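# Overview (structure and organization)
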Amino acid sequence: MEKIKSSNNNLSYLGRKLQGYFNAKKSEFLQALKQRGTFMECCDTCGFIYALTISAFSEQITLTIGLKNGEITIHEMVRQNVQSKAS
């Protein structure tokens, strides 16, 4: 399991790609966040903070996301490999 907690400058390549994609597809992302995300808190620095878990690239990725001033920012990302069970 890989845990990344960072400012925008230290975000991993995958984190930067996801953040860019989320901002490019903002209306679709906000709809998904309403359906599958969990509101955590409101912070003066980061805005509205949500937790969201997605599956991508054979991994389960848990994100802590801030919404402030129309921007979507990933503040924390935890990656965990998902191993399929063979029958």
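Read on for an overview of the structure.

The rules behind each value
Residues numbered from 1 in each chain as written. Predicted model: local features only at pLDDT ≥ 70, side-chain atom pairs only at ≥ 80, totals over all residues. Heavy atoms only, no water. Helix = DSSP H or I, 4+ residues; strand = E, 2+ residues; numbered from the N terminus. Buried < 20%, exposed > 50% of the residue type's maximum accessible area, 1.4 Å probe, protein only. Contact = heavy atoms within 4.5 Å. Areas by Shrake-Rupley, 256 points an atom, 1.4 Å probe, with all protein chains shown as cover. Pairing = 2+ DSSP bridges. Disulfide = S-S within 2.5 Å. Salt bridge = Lys/Arg side-chain N within 4 Å of Asp/Glu carboxyl O.

### Some details on the overall build of the chain
The helix and strand inventory of the chain stands at 2 helices and 5 strands. Reading the chain from its N terminus to its C terminus gives the helix and strand order β-α-α-β-β-β-β. Every one of the 87 residues in the chain was classed for burial, and the buried ones make up 34%. Excluding contacts between residues fewer than 6 apart, the proportion of contacts in the chain whose partners are at least 24 apart in sequence is 39%. Here the chain has roughly 6,000 Å² of accessible surface; of this, 49% comes from carbon and sulfur atoms.

### Quick look at the pairing of strand 3 (residues 47-56)
Sheet topology places strand 2 (residues 38-43) next to strand 3; 5 bridges connect them, and they run antiparallel. Along strand 3, the bridge assignment pairs Cys 43 with Gly 47. In this antiparallel pair of consecutive strands, strand 3 and strand 4 (residues 59-68), the connection spans 2 residues, and Phe 57 shows a positive phi of 55°.

### Let's talk about the state of the cysteines
Counted according to the given criterion, the structure contains 0 disulfides. With no disulfide of its own, Cys 42 lies closest to Cys 43 among cysteine sulfurs, the gap being 7.4 Å. Not part of a disulfide, Cys 43 finds its nearest cysteine sulfur in Cys 46, a span of 4.2 Å.

### Re the pattern of salt bridges
Here the structure, examined in full by the defined rule, presents 1 salt bridge. Salt-bridge contacts for Glu 59 lead to Arg 79; the nearest nitrogen and oxygen are separated by 2.9 Å. In this pair, Glu 59 sits in strand 4 while Arg 79 sits in strand 5 (residues 71-81), placing the two residues 20 residues apart along the sequence. Its relative accessible area of 19% is what places Arg 79 among the buried residues.

Purely spatial values, then, with no claim about function.
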